[in-house]
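# What the coordinates show
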Amino acid sequence: MGKEKNLEMDIIKENHALCDKNEDDQVELKPKMTLLNGVTVIVGSIIGSGIFVSPSGVLKETGSVNMSLMVWIISGVFSMIGAYCYAELGCMIKKTGADYAYIMVTFGKFLAFIRLWVECIIVRPCSQAIVALTFSIYATKPFFPECDPPDEAVRLLAAICICILAFINCWEVKWATFVQDIFTYAKLLALFIIIATGVVQLGNGKVENFTWENTESDVTKIALSFYSGLFAYNGWNYLNFVIEELQDPVKNLPRAIAISCILVTVVYVLTNIAFYTTLSVPEVLGSEAVAVTFAERLYGRFAFMIPVFVAMSTFGGVNGILLTSSRLFYAGACEGQMPEILSMIQVKKMTPAPAVLIVVTNLNF
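Since we're looking at a predicted model, the values are computed, not measured. All residue numbers here refer to positions counted from 1 along the written sequence of the relevant chain. In keeping with the model being predicted, local features are shown solely for residues with a pLDDT of at least 70 and side-chain atom pairs are shown and tallied solely at 80 or more, while totals for entire chains, interfaces and linings include all residues. As a convention, hydrogens and water are excluded, and side-chain values are obtained from all of the structure's heavy atoms.

This part covers the confidence of the model for the chain. On a scale of 0 to 100, pLDDT captures the predictor's confidence in every residue. Residues of the chain with pLDDT of at least 70 account for 91%, and the chain-wide mean is 84. Secondary structure elements follow DSSP: runs of H or I no shorter than four residues count as helices, runs of E no shorter than two count as strands, and numbering proceeds from the N terminus. Ranking the elements of the chain by mean pLDDT puts helix α1 (residues 2–25) last, at 47, and helix α11 (residues 249–278) first, at 91. Contacts were defined at the residue level, with two residues in contact if any of their heavy atoms lie within 4.5 Å. In this model residues 11–23 is a low-confidence stretch, pLDDT under 50, and it forms one contact with partners more than four residues away in sequence or in other chains.

Moving on to a nonpolar patch on the surface. Judged by side-chain polarity, F107, F110, L111, F113, I114, V118, I121, I122 and V123 come together as a nonpolar surface patch covering roughly 840 Å² of accessible area. Ranked by residues supplied to the nonpolar patch, first place goes to helix α7 (residues 109–140) with eight residues. Topologically, I121 is positioned in helix α7. For I121, a relative accessible area of 45% translates into the label partly exposed. Excluding any residue in a salt bridge, patches collect residues exceeding 30% relative accessible area, merging like charges within 9 Å and nonpolar Val, Leu, Ile, Met, Phe, Trp and Tyr side chains within 5 Å. Each accessible area value is a Shrake-Rupley result obtained with a 1.4 Å probe; residue values ignore everything except the protein chains displayed when judging cover. Salt bridge criterion: a side-chain nitrogen from Lys or Arg within 4 Å of a carboxyl oxygen from Asp or Glu. Each residue's exposure class comes from its accessible area (1.4 Å probe, protein chains only) as a fraction of the maximum for that residue type: buried when under 20%, exposed when over 50%, partly exposed otherwise.

Turning next to the layout of surface pockets. Grid points spaced at 1 Å over the protein atoms alone were grouped into cavities, where a 1.4 Å probe fits but cannot get out, and pockets, open sets with protein on both sides within 12 Å along at least five of seven lines, with lining residues defined by an atom within 4 Å of a point. Grid points are joined across faces, edges and corners, and a volume is the space filled by probe spheres set on the points. When its volume is computed, the largest pocket comes out at roughly 1,000 Å³. S45, I46, F231, A232 and N234 are, among the 38 residues lining the largest pocket, the residues nearest its centre. Every element with two or more residues in the lining of the largest pocket is listed here: α2 (35–46), α3 (50–53), α4 (56–62), α5 (65–92), α7, α10 (219–232) and α14 (305–334). Of all the elements, α7 adds the most residues to the lining of the largest pocket, at eight residues. When residues are grouped by polarity, Ala, Val, Leu, Ile, Met, Phe, Trp, Tyr, Cys and Pro land in nonpolar, Asp, Glu, Lys and Arg in charged, and all others, Gly among them, in polar. Residues of the lining of the largest pocket, tallied by class, amount to 19 nonpolar, 15 polar and four charged. Within this model, the second largest pocket holds a volume of roughly 610 Å³. If you trace the second largest pocket, you find 20 residues lining it, with Y138, K141, A289, V292 and P307 closest to the centre. Elements supplying a minimum of two residues to the lining of the second largest pocket: α7, α8 (151–171) and α13 (290–298).

To continue, consider the side chain of R327. For R327, the position within the fold is in helix α14. When its relative accessible area of 1% is taken as the criterion, R327 is described as buried. A distance of 2.9 Å separates the side chain of R327 from the side chain of S326, its partner in a polar contact. Here R327 is in contact with T96, V173, F241, V242, E245 and P352, once residues within four sequence places are set aside. Under the rule applied, a polar contact is a pair of N or O atoms within 3.5 Å (in protein, one hydrogen donor and one hydrogen acceptor; residues adjacent in sequence only if both atoms are side-chain atoms).

Another aspect to go through is the packing of aromatic side chains. The criterion for an aromatic pair is that two Phe, Tyr or Trp rings (for Trp, the six-membered ring) have centres within 6.5 Å, with stacked assigned to planes under 30 degrees apart, edge-to-face to planes over 60 apart and tilted to the rest. Counted under the stated rule, the structure contains 14 aromatic pairs. Taking the centre distance of 5.2 Å and the plane angle of 85 degrees together, the rings of Y86 and W236 count as edge-to-face. With Y86 in helix α5 and W236 in the loop between α10 and α11, this pair connects stretches of sequence that are 150 residues apart. Here the aromatic rings of F294 and Y299 are separated by 6.1 Å at their centres, their planes lie at 90 degrees, and the arrangement is edge-to-face. Relative accessible area serves as the criterion here: at 0%, F294 is assigned to the buried category. The ring of Y238 is capped by R124, whose NZ or CZ atom sits 4.8 Å from the centre of that ring. The criterion for a charge sitting over a ring is simple: Lys NZ or Arg CZ within 6 Å of the ring centre, and within 35 degrees of the ring normal.

A separate point is α14. To estimate how far a helix should extend, the number of its residues minus one is multiplied by 1.5 Å. Helix length check: α14 (30 residues) gives 44 Å between terminal C-alpha atoms against 44 Å at 1.5 Å per residue, within 8%. Following α14 by one or two positions, G336 has its phi on the positive side, about 80 degrees.

Here's what the structure looks like:
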């Protein structure tokens, strides 16, 4: 009896081991992303060049510094509410594709199909091209300090940027998340330097710009300011596109969204406060790149750091868009609404390589 029982236990263990091996060998997207990776995907996707270049959009419509800060805070809170709704959806519908997957489950295939093709043909390629061009403009700016960089050089560098990131995303998910982590840290470092400078300026009594003077009384213009504010927070839903690759999504998705939205809101508000300690309303509205003007005023010969940090910020932004866009194409193919080849996964690296390549190819049209 004892030998038979031991033999039975050995058979059960072998079956469990065989099942675990089969699961590991199964060709599918693997959950390799940690909570930290999830946070950097969201933060890296939200923070682009906008906070460095033109936070004046909100100020233009509100009229006063204090009112513009209120709009930044309210926009952050409003984005958090939307993000928490997405966290709930992500925990209920654990499918890659985010908006597309949720519309598919809720409203059916037709509306999901429309959403998918609008995103894939118009929204994602345009967003990625604009961010890549912004990266190349700021990356080449130190070499052309007295004039604008040549268009050919800008376009070529943007194409090289996209190709490099496409290779990384095809080769290994961990490489893509590593790039996202590093460049998210870089953009946060730049903003923390600006914030620290603002704290020093506040300590020196530079508070004369913080007033309610000239606050816009037209409610419609105040409403328009929220367009700029909410646009700056765009990207809080990007982690939902790769939810199948997130470890323990029911626990980590809400945590990542909460940490990211709170962090970005605090950083945005403090960065704006830092700008206004040094720059007046007319100076902010008249500047083509507020962070550069701020740096030239206070950092002297080290002002070149800001264009470099903006380039790094947008490089990470391109990676975030490519990472999530490829999963959208993949999700559409899995549902039979895009060519079947896009649902294929590289058997060794477990990356949706065909979907990544078609995202890059789509930029050429």
